[in-house]
Each structure stands twice: as C-alpha cells, then as structure tokens.
Amino acid sequence: MTCPKCADTDGSSFMPSYGPAPHTCFWQIPGATLGESVPLPQEDWPPGFDPDPECPGLGTYWCVHCGEGRPA
C-alpha cells in the first residue's frame, strides 16, 4: 500500500524506481566533469535499495516506510 512518503500529488506511487546505485555526484569530486560519479561502497548504501545482479551499478529503490516496490 502506498504511503504519503512514496506517493505523488495524485496519490500514485512512484516506487519502485530503477536507477544508479547510491553514488557521489560530480560536483563533490574535485576535477570531475558533468556526468561523472563514483558509486558508494555497498556498506554505505541506505536501506531501500536492491542492486541489479545483471547490471552492476544499477538497482531498484523502494519505499522504506511502507515497502512499496520492494522486490519479493
């Protein structure tokens, strides 16, 4: 069930969300250019992210409050 933390303005859930693993953005890396990022170590990943075993560096984010989008 969607909760207020993972619902958009019309009440629909925006979870799950697929994208890059938690990372440091280019503006936090000295000398980096637009689009560069560095993945965080897996032990620093927050709950609510499951890595994609077929595509390293990508994965699924799900709501840690209600579980919406959490893989089975």
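Worth saying up front: this structure is predicted, and the values here are computed from it rather than measured.

### Here's the deal with the sheet that holds strand β4 (residues 49-51)
- Ordered in space as β1-β5-β4, the three strands form an open sheet in which the pairing is antiparallel. Each having just a single partner strand, β1 (17-20) and β4 make up the two edges of the open sheet. If you compare each strand with its neighbour and ignore which way they point, the axes differ by 30 degrees on average.
- The pairing of β4 with strand β5 (residues 58-61) spans three bridges and is antiparallel. Its bridge partner being in β5, Asp50 is matched across the sheet by Thr60.

### Brief notes about the environment of Gln42
- Inspection of the secondary structure assignment puts Gln42 in the loop between β3 (38-39) and β4.
- Along the chain, Gln42 and His23 lie 19 residues apart, while their C-alpha atoms are 10.0 Å from each other.

### Points about unusual backbone geometry
- In the segment running from Met15 into Pro16, the intervening peptide bond is cis, with an omega of 0 degrees.
- With respect to the helices, strands and loops of the structure, Pro16 is situated in the segment before β1.

Calculation rules
- Residues numbered from 1 in each chain as written.
- Predicted model: local features only at pLDDT ≥ 70, side-chain atom pairs only at ≥ 80, totals over all residues.
- Heavy atoms only, no water.
- Pairing = 2+ DSSP bridges.
- Helix = DSSP H or I, 4+ residues; strand = E, 2+ residues; numbered from the N terminus.
- Axes fitted to C-alpha atoms, helices over the stretch in contact; angles between N-to-C directions.

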